[in-house]
Amino acid sequence: HGGGNNLNNASFYTMGSVRSGEVKCLGTFSDKQVSRVWWSPKGKYCLLGGLEQPYNGRTMEFWNVDELDLMQTVEHFMCTNVTWDASGRFVTTYGSRMVRDTAMGCGFKIWTFQGRKVMEKNLDHFKQFEWRPRPPTLLTDKDIKTIKTKSRATWE
């Protein structure tokens, strides 16, 4: 919500029980250079940032919302899009040639959910980044438990 001087306030909320219909503010953070939020698939983590003028991806903030912890602040100048992978462990910020008239800023950066950069690639004619969907596992819960137990025993 608006804060003036191209700075905004970011507030995180949680829902109470369905019966009570209560909405509770977890916290409000002032004077942020952000205008959008991208939630991880499981909703514990989010990325706050601004892609449009005047921000242009200058500030991207990685948050653990459950702990109200700002884990990392990074920059991806000329960023046009943000995409989380299905597991919520990685997020990609990228600059698309489909949005920009120039090759400047085209390419992608892959980050961990904590905001650590894993990879960066600049590509003049880069257009889009999509994560491959992860289909549901065919293993039963019992099979997964067995595999975890056996793998622990192997590594010990």
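Just above, that's the structure.
These figures come from a predicted structure and were not determined experimentally. The written sequence of each chain sets the order in which its residues are numbered from 1. Residues qualify for local features only when their pLDDT is at least 70, as the model is predicted, and side-chain atom pairs are given and counted only at 80 or more; totals for whole chains, interfaces and linings, by contrast, use all residues. Hydrogens and water molecules were not included; the side-chain quantities draw on all heavy atoms of the structure.

### Brief notes about the sheet that holds strand β9 (residues 107-112)
In spatial order, the strands read β7-β8-β9-β10; together these four strands make up an open sheet with antiparallel pairing. Unpaired on one side and paired on the other, β7 (81-84) and β10 (117-122) mark the two borders of the sheet. Between one strand axis and the next, the sheet turns by 15 degrees as a mean value, whatever way the strands run. Here a strand pair is declared whenever DSSP counts at least two bridges between the two strands. Runs of E in the DSSP output that reach at least two residues are strands. Runs of H or I that reach at least four are helices, and both are numbered from the N terminus. Where strand β8 (residues 90-95) and β9 come together, six bridges link them in antiparallel fashion. Across the sheet, residue V91 finds its bridge partner in β9, namely W111. Note on definitions: angles span 0 to 180 degrees between N-to-C directions of axes, and those axes are lines fitted to C-alpha atoms, for helices only across the stretch in contact.

### Digging into the pattern of salt bridges
Between side chains of opposite charge, a pair can form when the charged atoms approach closely. For this document, the term salt bridge refers to a Lys or Arg side-chain nitrogen within 4 Å of an Asp or Glu carboxyl oxygen. Under the defined criterion, the tally for this structure stands at two salt bridges. In this structure, E120 and K109 form a salt bridge, with 4.0 Å as the shortest nitrogen-oxygen distance. In this pair, E120 is assigned in strand β10 and K109 in strand β9, connecting sequence segments 11 residues apart. In this scheme, a residue with accessible area under 20% of its type's maximum is buried, one over 50% is exposed, and one in between is partly exposed, where area comes from a 1.4 Å probe on protein chains only. Accessibility expressed as a relative area gives 38% for E120, which makes it partly exposed. K117 is the partner of E120 in a salt bridge, and the nearest nitrogen-oxygen pair spans 2.8 Å.

### As for the nonpolar core
Counting residues in each nonpolar core, the largest one holds 12 residues, listed as W38, Y45, L47, L51, M60, F62, V74, C79, V82, W84, V91 and W111. The contact partners of W84, leaving out residues within four places of it in the chain, are W38, W39, S40, P41, Y45, C46, L47, F90, V91, F113 and W131. In this description, a nonpolar core means a group of buried Ala, Val, Leu, Ile, Met, Phe, Trp, Tyr and Cys residues linked to one another through side-chain atoms lying within 4.5 Å. Grouped together as the second largest cluster of nonpolar side chains are seven residues, A10, F12, C46 and L48 included. We call two residues in contact when some of their heavy atoms are within 4.5 Å.

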